[in-house]
Amino acid sequence: QVQLVESGGGLVQAGGSLRLSCAASGSSVSINTMGWYRQAPGKQRELVVVMGFDAFTNYADAVKGRFTISRDDAKNTVHLQMNSLKPEDTAVYSCYARDFILHRDYWGQGTQVTVSS
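Note that this is a predicted model, so its numbers are computed, not measured.

## Brief notes about the state of the cysteines
Put plainly, two cysteines are in a disulfide when a covalent bond ties their sulfur atoms together.
Thought 1: Applying the stated criterion across every chain yields a total of 1 disulfide.
Thought 2: Residue C22 pairs covalently with C95 via a disulfide, S to S 2.0 Å. Here the S-S torsion is close to -85°, and the disulfide linking C22 with C95 is therefore left-handed. Of the two residues, C22 is situated in strand β3 (residues 18–26) and C95 in strand β9 (residues 91–99); the sequence distance between them amounts to 73 residues.

Rendered as C-alpha cells:
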C-alpha cells in the first residue's frame, strides 16, 4: 500500500506562483509514474502533468510553459512548480502515482489551490 501526502496549496493572486509537493510512503518501490491531476468545482478531474521513471512528461496544454514537474526518486517525492497562475487554475490538486507491478493507481487527499483575479 502506498500513501501520498500533498502540501503547498493556498491562495494566491493571478500572476503569482505556488509550489506543491507530494511525498509517497509505504510500498513505493514499484512506483514508476507520478504526477498531478486537478478538479475544479462542477468539472471533471483532469490531467495536469505526469512524469514517468524515465523522466518522460506529459503536460496538459493549459499549463504548458507555466507549470514544471520534478521528481526526487531517492525521497519518493514529486513537486509541481506553478508560475503565472490564472483564476482558471483554481482547483483541488491531487497527487497521483502508478504501481507498474500491481497495476494500481494511488491518489492523495488533495490540496486546494485558489487563484484570485
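The structure having been displayed, the exposition proceeds.
## Here we look at the environment of R71
Thought 1: Mapped onto the elements of the fold, R71 is located in strand β7 (residues 67–72).
Thought 2: Each residue touching R71, except ones within four places of it in the same chain, is listed here: I31, N32, T33, M34, M51, G52, F53, T77 and V78.
Thought 3: A distance of 2.9 Å separates a polar atom in the side chain of R71 from the backbone oxygen of M51.
Thought 4: A polar contact is formed between the side chain of R71 and the backbone oxygen of G52, at a distance of 3.4 Å.

## Description of the pattern of salt bridges
Thought 1: By the definition in use, this model includes 6 salt bridges.
Thought 2: Residue R38 pairs with E46 through a salt bridge whose shortest N-O separation is 2.7 Å.
Thought 3: Here R38 falls in the buried class, since its relative accessible area comes to 6%.
Thought 4: R38 is the salt-bridge partner of D89, the closest N and O atoms lying 3.0 Å from each other. One end of the pair, D89, is in the loop between β8 (77–82) and β9; the other, R38, is in strand β4 (residues 31–39), with 51 residues separating them in the sequence.

Conventions and cut-offs
- Residues numbered from 1 in each chain as written.
- Predicted model: local features only at pLDDT ≥ 70, side-chain atom pairs only at ≥ 80, totals over all residues.
- Heavy atoms only, no water.
- Disulfide = S-S within 2.5 Å.
- Helix = DSSP H or I, 4+ residues; strand = E, 2+ residues; numbered from the N terminus.
- Contact = heavy atoms within 4.5 Å.
- Polar contact = N/O pair within 3.5 Å; in protein donor to acceptor, adjacent residues only side chain to side chain.
- Salt bridge = Lys/Arg side-chain N within 4 Å of Asp/Glu carboxyl O.
- Buried < 20%, exposed > 50% of the residue type's maximum accessible area, 1.4 Å probe, protein only.

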